[in-house]
Amino acid sequence: MYVAKLYNMRKITCEFRFIFTYKSVFYLLFHFGLKKLEKTPSKTQAFYEMLYNGLDSLIGSVLGKWKNKYFVYIGSLICFIFIANITSFFPIPGFSHNAEGQLVISTFFRGPNADINTTLGLALITTFSFIVASIKTNGVTGYFKGLMEPTPVMLPMNIIGELAKPTNISMRLFGNNFAGMVIIGLIYMAAPWFIPVPLHLYFDLFGGFVQAFVFTMLTLVYIQQSLGNSEPEGGF
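The residue count restarts for each chain, going from 1 along the sequence in the order it is written. Given that the model is predicted, a residue must reach a pLDDT of at least 70 before its local features are reported, and side-chain atom pairs must reach 80 or more before they are shown or counted; all residues, however, enter totals for whole chains, interfaces and linings. Working from all heavy atoms in the structure, the side-chain values ignore hydrogens and water.

### A word on the overall build of the protein chain
Quick reminder of the rule: A run of DSSP states H or I qualifies as a helix once it reaches four residues; a run of E qualifies as a strand once it reaches two. Both are numbered from the N-terminal end. Note on contacts: a residue pair is in contact if any heavy atoms of the two residues lie within 4.5 Å.
Secondary structure summary: the protein chain contains six helices and two strands in total. When the elements of the protein chain are put in sequence order from the N terminus, they spell out α-α-α-β-β-α-α-α. Pairs at least 24 residues apart make up 68% of the contacts formed inside the protein chain by residues separated by at least 6 positions.

### Observations regarding helix 4 (residues 116-146)
For the record, the criterion: The span expected for a helix works out to 1.5 Å for each residue beyond the first. The angle between axes fitted to the seven-residue stretch ending at a residue and the seven-residue stretch beginning at it gives the bend at that residue. Classification of residues uses two cut-offs on accessible area relative to the type maximum, computed with a 1.4 Å probe and protein chains only: under 20% is buried, over 50% is exposed, and between them is partly exposed.
Here helix 4 contains 31 residues, and its C-alpha end-to-end distance of 30 Å is more than 12% below the 45 Å for a straight helix at 1.5 Å per residue. Along its length, helix 4 reaches its greatest deviation from straightness, about 110 degrees, at asparagine 138. When helix 4 is considered as a whole, its buried residues turn out to be Thr118, Thr119, Leu122, Ala123, Thr126, Thr127, Ser129, Phe130, Ala133, Ser134 and Tyr143.

### With respect to the side chain of glutamine 45
Quick reminder of the rule: Here a polar contact means two N or O atoms within 3.5 Å. Within protein one must be a hydrogen donor candidate and the other an acceptor candidate, and residues neighboring in sequence count only if both atoms are side-chain atoms.
When you line up the elements, glutamine 45 lands in helix 2 (residues 43-63). On the basis of relative accessible area, glutamine 45 is assigned to the buried category, the value being 5%. Separated by 2.8 Å, the side chain of glutamine 45 and the backbone oxygen of glutamate 38 make a polar contact.

### Some thoughts on the nonpolar core
Put simply, the rule reads: To form a nonpolar core, buried Ala, Val, Leu, Ile, Met, Phe, Trp, Tyr and Cys residues must be joined to one another through side-chain atoms within 4.5 Å.
With 28 residues, the main nonpolar core has Leu63, Tyr70, Ile81, Leu122, Phe215, Ile223 and Leu227 as its most contacted residues. When residues of this core are traced back to their parent elements, those giving at least two are helix 2, helix 3 (67-86), helix 4, helix 5 (155-190) and helix 6 (197-227). Excluding its chain neighbours within four sequence positions, the residues that come into contact with isoleucine 81 are Asn113, Leu122, Leu173, Ala212 and Phe215.

### Focus on the packing of aromatic side chains
Our working definition: Each pair of aromatic rings taken from Phe, Tyr and Trp, with Trp reduced to its six-membered ring, is defined by centres within 6.5 Å and is described as stacked if the planes are under 30 degrees apart, edge-to-face if over 60, and tilted in the remaining cases. Consider the ring centre and the ring normal. A charge sits over the ring if Lys NZ or Arg CZ is within 6 Å of that centre and within 35 degrees of that normal.
Overall, the coordinates contain seven aromatic pairs when judged by the stated rule. Between phenylalanine 82 and phenylalanine 209, the ring centres sit 6.2 Å apart and the planes meet at 85 degrees, which makes this aromatic pair edge-to-face. Taken together, the residues phenylalanine 82 in helix 3 and phenylalanine 209 in helix 6 connect sequence positions 127 residues apart. Exposure remark for phenylalanine 82: the relative accessible area of 28% places this residue in the partly exposed category. Members of the aromatic cluster, connected to one another through ring pairs, are Phe82, Phe209 and Phe213. For lysine 165, the ring lying beneath its charged end belongs to phenylalanine 130, and the centroid distance is 5.0 Å.

### Here we look at unusual backbone geometry
The step from glutamate 149 to proline 150 runs through a cis peptide bond, and the omega angle for that step is 0 degrees. Mapped onto the elements of the fold, proline 150 is located in the loop between helix 4 and helix 5.

### Describing the packing of helix 2 against helix 3
Defined as follows: As a rule, the C-alpha atoms of each element are fitted with a line to give its axis, helices using only the stretch in contact, and angles between N-to-C directions run from 0 to 180 degrees. In what follows, roughly perpendicular refers to angles from 65 to 115 degrees, roughly parallel to angles under 35, roughly antiparallel to angles over 145, and oblique to any angle outside these ranges. Crossing handedness: left-handed means the near helix sits turned counterclockwise from the far one by under a right angle, and right-handed means the same turn made clockwise. The classification used treats Ala, Val, Leu, Ile, Met, Phe, Trp, Tyr, Cys and Pro as nonpolar, Asp, Glu, Lys and Arg as charged, and all other residues, Gly among them, as polar.
At a minimum axis distance of 10 Å, the contact between helix 2 and helix 3 shows a crossing angle of 120 degrees. One finds that helix 2 runs oblique with respect to helix 3. Seen from above, helix 2 lies across helix 3 with right-handed handedness. Within the contact between the two elements, helix 2 uses Leu51, Tyr52, Leu55, Asp56, Ile59, Gly60 and Leu63 and helix 3 uses Lys67, Tyr70, Phe71, Ile74, Gly75, Ile78 and Cys79. Partitioning the contact of helix 2 with helix 3 into residue classes produces 10 nonpolar, two polar and two charged.

### Quick look at the pattern of salt bridges
We apply this condition: Should a side-chain nitrogen of Lys or Arg be within 4 Å of a carboxyl oxygen of Asp or Glu, the pair is scored as a salt bridge.
In the structure shown here, the tally under the stated rule is two salt bridges. With its nearest N and O atoms 3.1 Å apart, the salt bridge here joins aspartate 56 to lysine 67. Of this pair, aspartate 56 sits in helix 2 while lysine 67 is found in helix 3, placing the two residues 11 residues apart along the sequence. Accessibility expressed as a relative area gives 23% for lysine 67, which makes it partly exposed. Between lysine 165 and glutamate 162 there is a salt bridge, with its nearest N and O atoms 3.1 Å apart.

### Side note on a nonpolar patch on the surface
Using the following cut-off: For patch building, the residue pool is restricted to those with more than 30% relative accessible area and no salt bridge; the joining distance is 9 Å between like charges and 5 Å between nonpolar side chains (Val, Leu, Ile, Met, Phe, Trp, Tyr). In short, Shrake-Rupley with a 1.4 Å probe defines the accessible areas, and a residue's cover is counted only from the protein chains shown.
A cluster of nonpolar side chains, Phe178, Met181, Val182, Leu186 and Met189, forms an exposed patch at the surface whose accessible area comes to about 480 Å². Mapped onto the secondary structure, leucine 186 falls in helix 5.

### A short note on the packing of helix 3 against helix 4
Packed helices, taken two at a time, are described by their axes: the angle between them and the distance between them. At their nearest, the axes of helix 3 and helix 4 sit 12 Å apart, and the two run at 165 degrees to each other. In terms of axis orientation, helix 3 runs roughly antiparallel to helix 4. Classified by chirality, the crossing of helix 4 by helix 3 is left-handed. In this structure, helix 3 uses Lys69, Tyr70, Tyr73, Leu77, Phe80 and Ile81 to contact helix 4, whose residues at the interface are Leu122, Ile125, Thr126, Ser129, Ala133 and Lys136. Taken together, the residues that form the contact of helix 3 with helix 4 break down as eight nonpolar, two polar and two charged.

Structure (C-alpha cells):
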C-alpha cells in the first residue's frame, strides 16, 4: 500500500511538472514573440497577427459582440491544448527507474491531456464560465427556471444535461489523446522504429489540432447558449 501511495504521489508530481513545463513554453512563446511589435511586421509578428485574426474570426463567428469578453480565455484554451497535444511529437528522451531499480528510457514529454485530471480541470473551468454567464444574463432565479423548461418535469433531465457537458468535453479530449498514445506505443513495440514515425504526423499534429479545435468549439457553443440573445454592456 505504501508503494502504491508513493507511486501515485510521484505520478501527480510528474503531471504537475509536465503542466508547468507547458505553461512555461506557452508563456515564453508569446512573451518573446510579442515583445517588440513594429508597423512593418517581421515574419514572427506576421505569424502572431495571423493567429490573432484567426482566433478573432472564430470567436466572433460564435459569440458575436461578446467575443472581446471571452477572447483571452478562449484563445488561451485552444493554444494551451494544442501545444500540450503536440509536445509528444518532439523526441526528447526522459530517464526514470522502475520498481526493480532498472533504468527506463522514455519520452520526457507525456501529453497532459492523456490524463483525465487535466482534461476534467479544463472542462470544469469551461463549466464555471458558462454557468456564470447564464447567471449574469438571467439572474440566479432565471438560471434555475431555465432548468425547468419547457416543463418542471424536465428538471432531472436538464440537470443531467448540464452535468453531461463537462463529462462530454473532458472524456472526448482525454479518450482521443490516451488512445493515440496507447496505439503509438503498441506500434513501436510491434514494428521497426521508422514505421510509427509518420503516424506521429496524424496523432500528434493533425489529431492534436482537431481535438483542440473541437474542445474550443464546444466551449464556445456552451457559452453562447448561456448568453442567448443578450447584449454585452457598452455594446461590445
